Amino acid sequence: MVINGNRLHVPASDEYGIHSEIETYTEKAKQITAQIKADKQECQHIISTYAADPNEILHLIGRWTQQEIEEYRGNKSIFKNTMKEKWLNNELANSKTDANNSKMKLILSNYEKLQTDVQATLSTANLNELNNLFNNNNDDAQEEKRTKLNAFIDQLLEIISLLESVHDYKYSSNNVITGAEQEEYKQSPCHLSNTKQRLLHLKQLNQKEFHTVCVFGLEKCGKSTFINALLGYKFLPDAITRCTQIKTIIKPIVPLKENVFALIEYYNDEEFKRLYATMAKKADESAQQFQQRKKSVEQARQELTLSKECFTNGSYQEECLTKQSDDITDRQRIIDNLHTYIATELHLNIVKQVTIYTNNLPGKNYEILDVPGCDSPIEEHRLSGVKAVQNSDAFFFLTNGQNPSLTNDQIRLLNEIKYDGITNRAFAVITKLDLCQTAAKYFEHLTKSFEELKKMGFSPQNIYPAAAQLTLLEQTQTTTEMEQLKVKLRQYDRLTDGFHQIKTALSRYVQYELPKSHMKQVNDIVEQNIKRYVSEALLVAKEFIPADFNTKKSIDDYLKQLNADKWDEIFENDFYEVTLKTANSW
């Protein structure tokens, strides 16, 4: 072919053979394009210089272009076969086909993974193995339980991701969606999201270093004595109305920090300002008294920020109280200091919480939270206490056995807490039965209290009478008073060893029953939700899988064969005709 006096060589179809590299033709096409541009410039020059006939020039260009098109048509089979090899190797881009292949690959992959999950992760054998592990009360298996439950939840979360993908594929593939399908489309993600959130919450509980056990009750229920008995010494004051105003936590001693007795955590500036602004006037105080109380709180906060090293540039830190020795006097010095914070309203909006460290707890993986405020006249404080109990891993509800009939306030409190039902995480402690003067009166109050608590949903095996005062005396070695109380309580069945039974039950629950309850909840989610969701997703996925797909063949091999079968159509419509149409438009 001759253009502008130069001969351009285009190879014949048999010169390089059927597998000639397409780069050769690409380079030639570039040369042709450059020559056409040069010819155009030369034509413009000829017309302007020699006044040549424009129609003649256009005729020449048209003839040259047609010549190139004919040569392109003549080499169609070479282009087709050369490009096919690149097509099968995914070296040619085609947005529509690539998108379809990706979608098909995704749905086939999800289908196979879900089938595998049904036979493995969700199989009866796997669930039975996990349940048997958690039913084994072997101390050496605790870490194994934690690890395997975490891994199982992760597998379930992966399954939910597959279900979400199938759900999205179904509705992205349908152009027409009925009203019922639209409603299903809205609801399905909610169901999956709720299930996912439940699993994530259970995983978080399973990973907790310390489980939280709340102790709460209304005023004068013996809570301070109960906490002191757990500690083994008198820490909380028991002669002041609403003794514990500040949240108090009892934790096992931290390794390598055996001399740390307590930790005081303060509200930072922003938190204090918010709490100070929301302070409420009491029903029995005048406006002047209320303003004076607010002023006292503000002054106390200012004095702390000036006197405590833990306040730096107005930021919040912790104040660590350490023992100088194991001497009781040294311990009492710290306790007297702490009473300033935990037993008065003055520091209610200043101190966030106080943590006490002890070796007297029967277990090492939980903390005791003394919940204040459940009987507070300030609604915000009361609701905060209720929420703490609701979010706990277990709780002890203390009731005064001297008043065996539950009050309306107690019933209201328990009804708020058991929004999800009182379960085996709930323990009831009947206190102050040691004050009964006769055995007959003791059994009368015990029986009445027991029945009242059962009505509120407490399990009979989780209801305990306890003489915390006796346990405290035994540990503090006040011999005379202790022996007198022991003599009196010998005829009071269950009372002398009630506190020991409580500690044993608590340790057993946190060590064995709590992990078992987590596993049961996960198992229920699998049986009631995930298995059904997977069955539905497999049916949906199957609708989009081609009938000729052979599960024995890999997905990549199937798509490669599918692309090969469609190559003639794809080459004709997406490559050849498009190029030809563009050339004809010239």
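Residues numbered from 1 in each chain as written. Predicted model: local features only at pLDDT ≥ 70, side-chain atom pairs only at ≥ 80, totals over all residues. Heavy atoms only, no water.

## A closer look at the UniProt feature "coiled-coil region" (unreviewed entry) in the protein
Alright, step 1. Per the UniProt record, "coiled-coil region" (unreviewed entry) is annotated on residues 280-307.
Alright, step 2. Annotated as 75% helix and 0% strand, the span residues 280-307 places its first and last C-alpha atoms 28 Å apart. (UniProt positions renumbered as here; feature names shortened; annotations may be inferred. Helix = DSSP H or I, 4+ residues; strand = E, 2+ residues; numbered from the N terminus.)

## Quick word on the packing of helix 15 (residues 468-476) against helix 16 (residues 479-489)
Alright, step 1. Where helix 15 meets helix 16, the axes come as close as 9 Å, and the angle between the chain directions of the two elements is 145°. Both helix 15 and helix 16 take part in a crossing whose hand is left-handed. Across from Q469, L470, L473 and E474 in helix 15, the residues of helix 16 making contact are E481, M482, L485, K486 and L489.
Alright, step 2. Here the contact of helix 15 with helix 16 is built from residues that sort into five nonpolar, one polar and three charged. (Axes fitted to C-alpha atoms, helices over the stretch in contact; angles between N-to-C directions. Left-handed = near helix turned anticlockwise from the far one by under 90°. Contact = heavy atoms within 4.5 Å. Nonpolar A, V, L, I, M, F, W, Y, C, P; charged D, E, K, R; others polar.)

## Observations regarding the pattern of salt bridges
Two side chains with opposite charge may pair up if their charged atoms get near one another.
Alright, step 1. For the coordinates displayed, the defined rule picks out 20 salt bridges.
Alright, step 2. A salt bridge links K531 to E527; its shortest N-O distance comes to 3.3 Å. Taken together, the residues span about one helical turn, with K531 and E527 both in helix 17 (residues 498-543) at a distance of four residues.
Alright, step 3. On the basis of relative accessibility, which here comes to 41%, the residue E527 falls in the partly exposed class. (Salt bridge = Lys/Arg side-chain N within 4 Å of Asp/Glu carboxyl O. Buried < 20%, exposed > 50% of the residue type's maximum accessible area, 1.4 Å probe, protein only.)

## Details of helix 10 (residues 287-307)
Residue pairs three or four apart in sequence face the same way in an α-helix, which turns once every 3.6 residues.
Alright, step 1. Along its 21 residues, helix 10 runs 30 Å from first to last C-alpha, staying within 8% of the 30 Å computed at 1.5 Å per residue.
Alright, step 2. Turning to helix 10, its buried residues number three or more, namely F290, K294, V297, A300, R301 and L304. Take helix 10 and look down its axis: the buried residues cluster within an arc of 120°, on one side only. Facing away from the buried side of helix 10 by more than 90 degrees, the exposed set consists of Q288, E303, L306 and S307.
Alright, step 3. Along its buried surface, helix 10 packs onto strand 5 (260-266), helix 9 (269-277) and helix 11 (328-342). (Expected span 1.5 Å × (residues − 1). Arc of directions from axis to C-beta.)

## A short note on unusual backbone geometry
Alright, step 1. The phi dihedral of K432 falls on the positive side, at around 65°, and the residue is not glycine.
Alright, step 2. Its place among the elements puts K432 in the loop between strand 10 (426-431) and helix 14 (439-455).
Alright, step 3. Exposure remark for K432: the relative accessible area of 25% places this residue in the partly exposed category.

## So, the pairing of strand 10
Alright, step 1. Summarising burial for strand 10: six of the six residues are buried, a large majority.
Alright, step 2. On strand 10, burial covers both faces: A426, A428 and I430 on one face and F427, V429 and T431 on the other are all buried.
Alright, step 3. Where strand 9 (residues 394-400) meets strand 10, six bridges bridge the pair, whose relative direction is parallel. Note on strand 10: the bridge partner recorded for N400 is T431.
Alright, step 4. With three bridges joining them, strand 10 and strand 11 (residues 463-465) adopt parallel strand pairing. The partner of A428 across the bridge, within strand 11, is I463.
Alright, step 5. Handedness of the crossover joining strand 10 and strand 11 through helix 14: right-handed. (Pairing = 2+ DSSP bridges. Right-handed = clockwise from strand over helix to strand, strands pointing away.)

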